[in-house]
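This is what each chain is made of:
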Amino acid sequence: MIYGTRLTQAREFCLLTQKALATDIGISQGTLSNAERDVNELPMHVLTQLATTTGFPVEFFQQGPRVTFDGLPTHFRARAGMSMKEASQAKRGGEIVAEAALAMLDQLEGPQLTLTPQPLGTAPELAAQAAREALGLKPREAALGLPVLLEHAGFLVIALPMPNTRRDAFSLWFGEQPVLALLDTDAGDRQLWSTAHELGHALLHREAGASKTLEQEADEFAMHLLTPLDAMEKEMPAHPTIQDFAMLKRRWGVSIAALIRTARRLGRVDDHRYTSLFKQMAARGERLRERAAIAPTKPRGFRAMAETLYGPHPAQGLARSANWTPAFAEDVLSRHATGAELPSRRITNVISLSSRRSRHA
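Only a predicted model underlies this, so the values are computations on that prediction, with no experimental measurement involved.

Thresholds applied
- Residues numbered from 1 in each chain as written.
- Predicted model: local features only at pLDDT ≥ 70, side-chain atom pairs only at ≥ 80, totals over all residues.
- Heavy atoms only, no water.
- Helix = DSSP H or I, 4+ residues; strand = E, 2+ residues; numbered from the N terminus.
- Rg over C-alpha atoms; globule rule 2.2 N^0.38 Å.
- Contact = heavy atoms within 4.5 Å.
- pLDDT = per-residue confidence, 0-100.
- Phe/Tyr/Trp six-rings, centres within 6.5 Å; stacked < 30°, edge-to-face > 60°.
- Buried < 20%, exposed > 50% of the residue type's maximum accessible area, 1.4 Å probe, protein only.
- Lys NZ or Arg CZ within 6 Å of the ring centre and 35° of its normal.

Visitor: Help me understand the overall build of the protein, please; the structure alone is not making it clear to me.
Guide: A count of helical and extended segments in the protein gives 18 helices and four strands. Here the C-alpha radius of gyration of the protein, 22 Å, is about what a compact globule of 361 residues would show, namely 21 Å. Overall size of the protein, expressed as C-alpha extent along the three principal axes, is 70 × 50 × 40 Å. Look at the contacts in the protein between residues 6 or more apart in sequence, and 72% of them connect residues 24 or more apart.

Visitor: Please explain the side chain of T262 as it appears in this structure.
Guide: Looking at where T262 falls in the secondary structure, it is placed in helix α13 (residues 256-265). If sequence neighbours within four positions are ignored, T262 has contacts with M223, T227, L229, M232 and M236.

Visitor: Quick question: what am I supposed to make of the confidence of the model for the protein here?
Guide: Low pLDDT means the predicted coordinates in that region are not meant to be read closely. Mean pLDDT over the protein works out to 92, with 95% of the residues at or above the 70 mark. For residues 357-361, every residue scores under 50 in pLDDT, and the model assigns this stretch three contacts once sequence neighbours within four places are set aside.

Visitor: I'm lost on the packing of aromatic side chains in this one. Help?
Guide: Here a ring pair, both rings aromatic, is described through the centre-centre distance and the interplanar angle of the planes. Applying the stated criterion across every chain, the model contains 11 aromatic pairs. The interplanar angle of 90° and the centroid separation of 5.4 Å between the aromatic rings of F60 and F61 together place this pair among those described as edge-to-face. Side by side, F60 and F61 carry an identical accessibility label, which is buried. A centroid spacing of 4.9 Å and a plane angle of 90° characterise the contact between W324 and F328, whose relative ring orientation is edge-to-face. Neither W324 nor F328 differs from the other in exposure class; each is buried. Members of the aromatic cluster, each reached through a chain of ring pairs, are F13, F56, F60, F61, W324 and F328. For the cation-ring pair, R6 lies above F60, with the distance from its terminal atom to the ring centre recorded as 4.4 Å.

Visitor: Looking at this structure, how should I read helix α16 (residues 315-322)?
Guide: Given 3.6 residues per turn, any residue in an α-helix points the same way as the ones three and four places further on. The complete set of buried residues in α16 reads A315, G317, L318, A319 and A322. Those residues of α16 that are buried are in contact with α5 (58-62), α6 (84-105), α15 (301-310) and α17 (326-334).

Visitor: Please clarify how unusual backbone geometry should be interpreted in this entry.
Guide: For L15, which is not glycine, the phi dihedral falls at a positive 60°. The exposure class assigned to L15 is partly exposed, which follows from its relative accessible area of 34%. One non-glycine residue, D38, adopts positive backbone phi at about 60°. Within the element layout of this structure, D38 appears in the loop between α3 (29-36) and α4 (44-54). Assessed through its relative accessible area of 48%, D38 is described here as partly exposed.

Take a look at the structure:
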């Protein structure tokens, strides 16, 4: 027996239409459509070709999915122009990786959730202040390594093996578990802001659908979380230059563009200077990609769980458990930090080394 939901999941993850996949595996689009709706089965030779085309073993399609995100309020941090097809690919990838993570978490004692949704109408600034306190950040401490800090606070943070073209991250609540998914990037400043933005959605908009107002609130939350105004007032020069902003970027981990907006908010630059600074960035070719690079932070929890359950080289064990290929398991694992890749000594392993079974024996 195969599950139609798995067919759809794998097809959309691979960015294939029903027509394209049906052609690749040698059946009609109608036959594939019926299989996705659980109306008919597919013969084994077709399943074998399906596995070859999608990169998922036959066993993947024979086990019903535990995690589906359809119908759940989902918030995307994305550039303009993200298509429904690209959004669906990201969600399907999130389902596949989150399912494996939650299956491992069932066997381990993970951290308790200490970041909880705020009452409807809470001001983003107040929510950000509460989040900084819950994360143990000092008033003038930068929120560097935020993905790992969120794992300490009980969030499931997963990194997906797909490029972040027009998509950076998304978040949702799966039952009582907040899930934050990150896509590939080499721009650590954008990743940090996207992580904070999605945290804002998770804490302020748990049951809400997407809207421009909610996006503005999530950005306001991110600004207060990552660059608290009290700290910025003390550190922002009276007449900041691009070089000043580059130094502040290294200190706080956010983009020069975000810091320029904060400077205007603090009255350090007027509207004319604000426009001039962005023109300078455009002339330097930095409006879309800034020269002062910040390394992204890999989340740790997924790999830590896999290492605890399957040993220091967990790809084979993870692949067997999740019905993945070893290559796909290694691809996912490579997006998550080893212990040596953690950003600082303050940020340590996030998963208990004791299993639930041994803990309650």
